[in-house]
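Below are the chains, spelled out letter by letter.
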Amino acid sequence: MKPALQTVLLVEDEPDIRTIVKAALEMVGGLKVRACESGAEALAAVAESRPQLVLLDVMMPDMDGPGVLSRLRGNPDTAAIPVVFLTAKATPSEIQRLRALGAADVLTKPFDPMTLHEKVKAVWATLA
Amino acid sequence: MSAEAFRRQLEALSAEYRGSLPGKLIEIDSLWRDLAGGMAKPDRMDDLQRELHSIAGSARTFGIAGVSEAAAAAESFLESFSKRHKLPDTAQQARFARLLDDLKRAAR
């Protein structure tokens, strides 16, 4: 039986959003969330803590979300970790592009903090 | 930990966010003036677009949808120029300045 989602790595460079997503997933969703502010920090955190799922901002300085996803997919140890993008640029073409890169799903900003955990858990539930 | 505790934290975070907005808008305005006046390199439009993108993605979450929408409109206008690192022409600069004014009004 598939385990319930418990651990999430959040990667978000915007401090306000990082704080609110972490608090929402932990306090409302009951998840254990480790938060990172950059792609480089995220890659180190994934290697160290192996989260069940990565919630990844798209637009970040230095290494952007697709760059992080590419690095995760290129490493056999992390290739299978599902990645869900969180983006403010949710045009149909952008969503299609992110899915084609291998994203498990794409969630949009702005989001309702009270129901974000439900969306993340719903994505987890659809994964094999 | 509970939804009620989170609501209280969300209210506090929203108040903090609203308090930080005027400073963010001053920085955006200052960078735009530097760009339009030739005192900043055109590639700094990336920074300007990123700041607008950030507000567009966060303000509605903190309960100020109008700010989110105004920031998204300004970001969208700037995107094609930012990609080419090419400053808008005079008429387009005036249009962008109006979009920034809309954003400042929405944040009041």
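Further up the page is the structure itself.
Quick caveat, the model's predicted, so the values are computed rather than measured.

A. Fine view of the packing of helix α2 (residues 39-49) of chain A against helix α3 (residues 65-73) of chain A. Residues and elements named next belong to chain A. Axis separation between α2 and α3 bottoms out at 10 Å; the angle between their running directions is 30°. In terms of orientation, α2 and α3 fall into the roughly parallel class. As for how α2 packs across α3, the hand of that crossing is right-handed. Packed against α2, whose contacting residues are G39, A42, L43 and V46, the element α3 presents G67, V68, R71 and L72 at the interface.

B. Here's a closer look at the interface of chain A and chain B. Chain A puts 17 residues into the contact, and the matching count from chain B is 18 residues. Its residues assigned to classes, the side of chain A that touches chain B shows twelve nonpolar, one polar and four charged.

C. Here's a closer look at the environment of R50(A). Within the fold, R50(A) resides in the loop between α2 and β3 (53-57). For the pair R50(A) and A35(A), spaced 15 residues apart in sequence, the C-alpha to C-alpha distance is 13 Å.

D. Region of the structure containing the environment of P15(A). Residues and elements named next belong to chain A. Tracing the sequence through the fold places P15 in helix α1 (residues 15-28). For P15, a count of 13 C-beta atoms within 10 Å gives the class partly exposed. Linking P15 and G102, residues 87 residues apart in sequence, is a C-alpha distance of 26 Å.

What counts, and where the lines are drawn
Residues numbered from 1 in each chain as written. Chains lettered and ligands numbered in written order. Predicted model: local features only at pLDDT ≥ 70, side-chain atom pairs only at ≥ 80, totals over all residues. Axes fitted to C-alpha atoms, helices over the stretch in contact; angles between N-to-C directions. Helix = DSSP H or I, 4+ residues; strand = E, 2+ residues; numbered from the N terminus. Parallel < 35°, antiparallel > 145°, perpendicular 65-115°, else oblique. Left-handed = near helix turned anticlockwise from the far one by under 90°. Contact = placed C-beta atoms within 7 Å. Nonpolar A, V, L, I, M, F, W, Y, C, P; charged D, E, K, R; others polar. Buried ≥ 20, exposed ≤ 12 C-beta atoms within 10 Å, placed from the backbone.

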